[in-house]
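Chain residues, written in single-letter form:
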Amino acid sequence: MGAADSEQRTRVRRKRMTGKERRQQLLEIGRELFAERGFDATSVEEIAARAGVSKPVVYEHFGGKEGIYAVVVDREMRTLLDMMGEALTADHARSKIEKAALALLRYVEEDSVGFRVLTRDSHVASGTGSFASLINDIASQVEHIMADEFAERGYDPGLAPMYAQALVGMWALTGQWWLEVRKPKREVVAAHLVNLAWNGLSALEAKPRLDTRKRRSG
């Protein structure tokens, strides 16, 4: 009996994680729970239970769920920003738009959990939260590109920030919609986004005005 207890304790010691391994485990579990339920509905107790540890272990590594959430969100934002930044280095304006649309949709498709974490508690239209912050970061990259294109085409480059927000917002909202429906395929969605964006941008009026004339029916 004593030998069996000794063998069991040995197995337990072998399974014991290093601090780095435990930290990564808690991050992965937190990431899954935040994607499933959002930040507010996720508790330290549940994170600890899934990890098979006590609550003090979670506090020891991250100080609470806030610490885990901050690291998870930061990692996801960096991943998506890197993908978008790489796409926006293409040679031609249309190529930039195509690659950026594909990059966002690829992230949604291949890293659905991460995208849910970013969007679960922060809708792009709300203007607050991590996703809104991310959209602003991406839009700032697009803004500089659009300003140069506007200047070359004789449009007011001072309007580039507004157009950048509109363009990136369109991508982001479409990504949120596509996350749930997954139809049509990624490339088809990207093609339609580019069709709307590129054909709209290529036919911009220098001084657009609203048509306030009343239209008669019949």
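Under an unreviewed UniProt entry, the name given to the chain is AcrR family transcriptional regulator, and the source organism is Nocardiopsis metallicus.

Between side chains of opposite charge, a pair can form when the charged atoms approach closely. Using the criterion set out here, one finds 14 salt bridges in the structure. Where Glu76 meets Arg31, a salt bridge forms, and the shortest distance between an N and an O atom there is 2.7 Å. One end of the pair, Glu76, is in helix α5 (residues 65-87); the other, Arg31, is in helix α2 (residues 19-37), with 45 residues separating them in the sequence. In this structure Glu76 comes out as buried when scored by relative accessible area, which is 6%. Residue class for Arg31 comes out partly exposed when judged on its relative accessible area of 23%. Note that Arg153 is salt-bridged to Glu149, the shortest N-O span being 3.6 Å. Here Arg153 and its partner Glu149 are both found in helix α8 (residues 129-153), four residues apart, which amounts to about one turn of the helix. Within this structure, Arg106, Glu109, Glu110, Arg186 and Glu187 form a network of salt bridges that share partners.

Mean pLDDT over the chain stands at 87; residues scoring 70 or higher make up 87%. Taken as a whole, residues 10-14 scores under 50 in pLDDT and shows zero contacts with residues more than four places along the chain or in a different chain. In the predicted structure, residues 123-128 sits below a pLDDT of 50 and forms 10 contacts with residues beyond four places in sequence or in another chain.

Bringing the side chain of Asp111 into the picture now. Counting through the fold element by element, Asp111 comes out in the loop between α6 (93-110) and α7 (112-120). At a separation of 2.3 Å, a polar atom in the side chain of Asp111 contacts the side chain of Arg31. Discounting residues that sit within four places of it in the chain, Asp111 has contacts with Arg31, Glu76 and Arg106.

Here we come to the nonpolar core. Membership of the largest hydrophobic core comes to 64 residues, with the highest contact counts inside it found for Ile68, Val142 and Trp171. Considering every element that reaches this core, the biggest residue donor is α5, with 10 residues. If near-sequence neighbours (up to four positions away) are discounted, Val142 is found in contact with Leu88, Ala164, Leu167, Val168 and Trp171.

What follows concerns the packing of aromatic side chains. For the coordinates displayed, the defined rule picks out seven aromatic pairs. Taking the centre distance of 5.6 Å and the plane angle of 90° together, the rings of Phe115 and Phe131 count as edge-to-face. Note that Phe115 is positioned in helix α7 and Phe131 in helix α8, a separation of 16 residues in sequence. Its relative accessible area of 0% is what places Phe131 among the buried residues. Where Phe150 meets Tyr163, the ring centres are 5.1 Å apart and the plane angle is 80°; that geometry is what we call edge-to-face. Here Phe150, found in helix α8, pairs with Tyr163, found in helix α9 (residues 160-181); they are 13 residues apart in sequence, far enough to count as distant. On the basis of relative accessible area, Phe150 is assigned to the buried category, the value being 5%.

Take Lys185: it is sitting in the loop between α9 and α10 (186-202). A relative accessible area of 66% means that Lys185 is categorised as exposed. Distance in space between the C-alpha atoms of Lys185 and Leu105 is 9.7 Å, their sequence separation being 80 residues.

What counts and how
Residues numbered from 1 in each chain as written. Predicted model: local features only at pLDDT ≥ 70, side-chain atom pairs only at ≥ 80, totals over all residues. Heavy atoms only, no water. Salt bridge = Lys/Arg side-chain N within 4 Å of Asp/Glu carboxyl O. Helix = DSSP H or I, 4+ residues; strand = E, 2+ residues; numbered from the N terminus. Buried < 20%, exposed > 50% of the residue type's maximum accessible area, 1.4 Å probe, protein only. pLDDT = per-residue confidence, 0-100. Contact = heavy atoms within 4.5 Å. Polar contact = N/O pair within 3.5 Å; in protein donor to acceptor, adjacent residues only side chain to side chain. Core = buried A, V, L, I, M, F, W, Y, C linked by side-chain atoms within 4.5 Å. Phe/Tyr/Trp six-rings, centres within 6.5 Å; stacked < 30°, edge-to-face > 60°.

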